[in-house]
Amino acid sequence: MADALNRLGVPRGKRLAITANQVSRWERGVTYPSALYRQLLAEHFGVSVQTLGLTRQRITPDQAVSTGVDSAGSVIHQGSDETVHPQVEANRDEWRAVRRKLNGHRVPLAREAARLYGSEPRLGDTGLITAPGWLPPAPIELSEFGIAFSPASPPPLVTGTEDAAAPVRPLISPDRRHQRYSLALRDVEQPQLFENRLAWHLTGVDWLRTDRALTFTEGTYFGGVDVSEALAHEMAASHITGDGSRILPASWRNLAFRRLVGDPFASDHRPVVPSSVDTLTLRVDPDGVTFVLHHRAAGKVAMAGGTLHIMPAGVFQPSSVLPAAQANDFDLWRNIVREYSEEFLGNAEHGGEGAPADYRAEPLASLVEAYQAGGVRVFCLGVALDALTLWGEILTVAVFDGPTYDRLFADMVTFNAEGTVVTTGRLKPTSALPFTRHTIDEITSGGQLAPAAAGCIRLAWEHRRTILDRG
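The following refers to the structure shown. (Residues numbered from 1 in each chain as written. Predicted model: local features only at pLDDT ≥ 70, side-chain atom pairs only at ≥ 80, totals over all residues. Heavy atoms only, no water.)

**Concerning the pairing of strand β9 (residues 214-220)**
- Among the seven residues of β9, five are classified as buried, and the element is accordingly described as predominantly covered.
- Pairing between strand β5 (residues 147-149) and β9: three bridges, direction parallel. Of the residues in β9, the one forming a bridge with I147 is L214.
- Here strand β8 (residues 198-205) runs beside β9; their pairing, made up of seven bridges, is antiparallel. Bridging across to β9, A199 finds its partner in G219. (Buried < 20%, exposed > 50% of the residue type's maximum accessible area, 1.4 Å probe, protein only. Helix = DSSP H or I, 4+ residues; strand = E, 2+ residues; numbered from the N terminus. Pairing = 2+ DSSP bridges.)

**Let's talk about helix α8 (residues 181-188)**
- Most of α8 sits inside the fold, with eight of its eight residues counted as buried.
- Listed as buried for α8 are Y181, S182, L183, A184, L185, R186, D187 and V188.

**Details of the pattern of salt bridges**
- Under the criterion given, the structure shown has 18 salt bridges.
- Between D211 and R209 there is a salt bridge, with its nearest N and O atoms 3.0 Å apart.
- Each member of the salt-bridge network shares a partner with another, and the members are R111, E112, R115 and D125. (Salt bridge = Lys/Arg side-chain N within 4 Å of Asp/Glu carboxyl O.)

**Focus: the packing of aromatic side chains**
- Counted according to the given criterion, the structure contains 22 aromatic pairs.
- For the ring pair Y340 and F400, a centre distance of 5.6 Å and an interplane angle of 85 degrees mean the geometry is edge-to-face. Highlighted residues: Y340 in helix α12 (residues 332-344) and F400 in strand β16 (residues 392-401), separated in sequence by 60 residues. Residue Y340 shares its accessibility class with F400, and that shared class is buried.
- Relative to Y405, the ring of F400 lies with its centre 5.9 Å away and its plane at 80 degrees, an arrangement referred to as edge-to-face.
- Put simply, the rings of F149, W200, F216, F316 and F330 touch in pairs and so form one group of aromatic residues.
- The ring of Y359 carries R334 above its face, with NZ or CZ at 4.3 Å from the centroid. (Phe/Tyr/Trp six-rings, centres within 6.5 Å; stacked < 30°, edge-to-face > 60°. Lys NZ or Arg CZ within 6 Å of the ring centre and 35° of its normal.)

**Some words on the side chain of H201**
- Inspection of the secondary structure assignment puts H201 in strand β8.
- A polar contact of 3.2 Å, which involves the side chain of H201, links it to the backbone nitrogen of T220. (Polar contact = N/O pair within 3.5 Å; in protein donor to acceptor, adjacent residues only side chain to side chain.)

**Some words on the sheet that holds β5**
- Sheet architecture is open: three strands sit in the order β5-β9-β8, paired in mixed fashion. Strands with a single pairing partner mark the edges of an open sheet, and in this sheet they are β5 and β8. Between one strand and the next, the sheet's axes are offset by a mean angle of 40 degrees, whatever the strand orientation. (Axes fitted to C-alpha atoms, helices over the stretch in contact; angles between N-to-C directions.)

Okay, here's the thing in structure tokens:
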């Protein structure tokens, strides 16, 4: 691509901040710029999108012999338009339609999926399921327990590449499907934020062991998507009516891949997929307690799109692939700190390819200092799975005193890379929602609250005296 830009006569000083790794991935067809990003690149360089190129084209298996392709069968051709076999295009349209229905019904579909596992594991009607012992009797401050890394964990027996998952993966050619769901998302309908990253998989929960209450092993984000979104897609295809108007009662019929996964809590069969750290943020002062919500845009995120979520929330993963980051970032609070920087303050995400996060630099440093000074206390409420995706959710709550919150988030954004901060009030819009039973009931009844958010809010309200007590 660099050579192409040279041929276009684009001055080096006017180039966008694109890493060499990104350029290499585009050239090799591992990823490609989204349509929006191609447009931005073309505008920045003062050329047409067609001249810029960087579009993808499907090729037949015999063409693949003489053309460089990736494992998904896709290739980047500069200056070429995408051509797709009619059968493949029809299948892709159907696949996109199911994705739209999925993102429009994630919350009720998760609640229905929870019923597949009986009443015992269900966390109320939140759409979460949890194993015995995964929820501690009372919230535990992060400083009171440790987490551990286990490099010797066995690989998962179910990866999403099995024949049982084939129906939820769209066609590449009339006789061939995408190998993985993540590759299908990338090639057919890529969210704006969709990069494969190292991620820590949760493999054990034991609140009786304060030295290693949570145990993790190494994995990847796409490895989680391959299983989780395939499960969700399968559920949407079989449990949402054709017109998308209603959800059918939970049934194991037509859920071949979910049956293959089996018991979601059997860690010897399939370690929990990459986990998110979901944090309910409470601001406390003499006038009361408030919290914030985030509307996650379906076109921007692969997981929990189209839902209302607490903020911040993000996959538990290091800030960089460099070994220093993997050592420094294996910490729940540091993961939360980076998410505050991204979601509350609108700063760029640590995309994994650059330098590790520097917790001595702003704005991370102020958050770390506030935590150490007691201006914010963070509790873990427990661990659960989203019943629709079987994605791991580490449920936490951060309690800020008013002055600390106002100082740290004086420049809080109204929208960020993942969606929009929810506001209320016509005359004087505010993002501060009262943490009251009335507000919680109203939000929960709306049918858009993500399962992890519903679980966090439910547990935080149940244990509000513990988490709001300053001792």
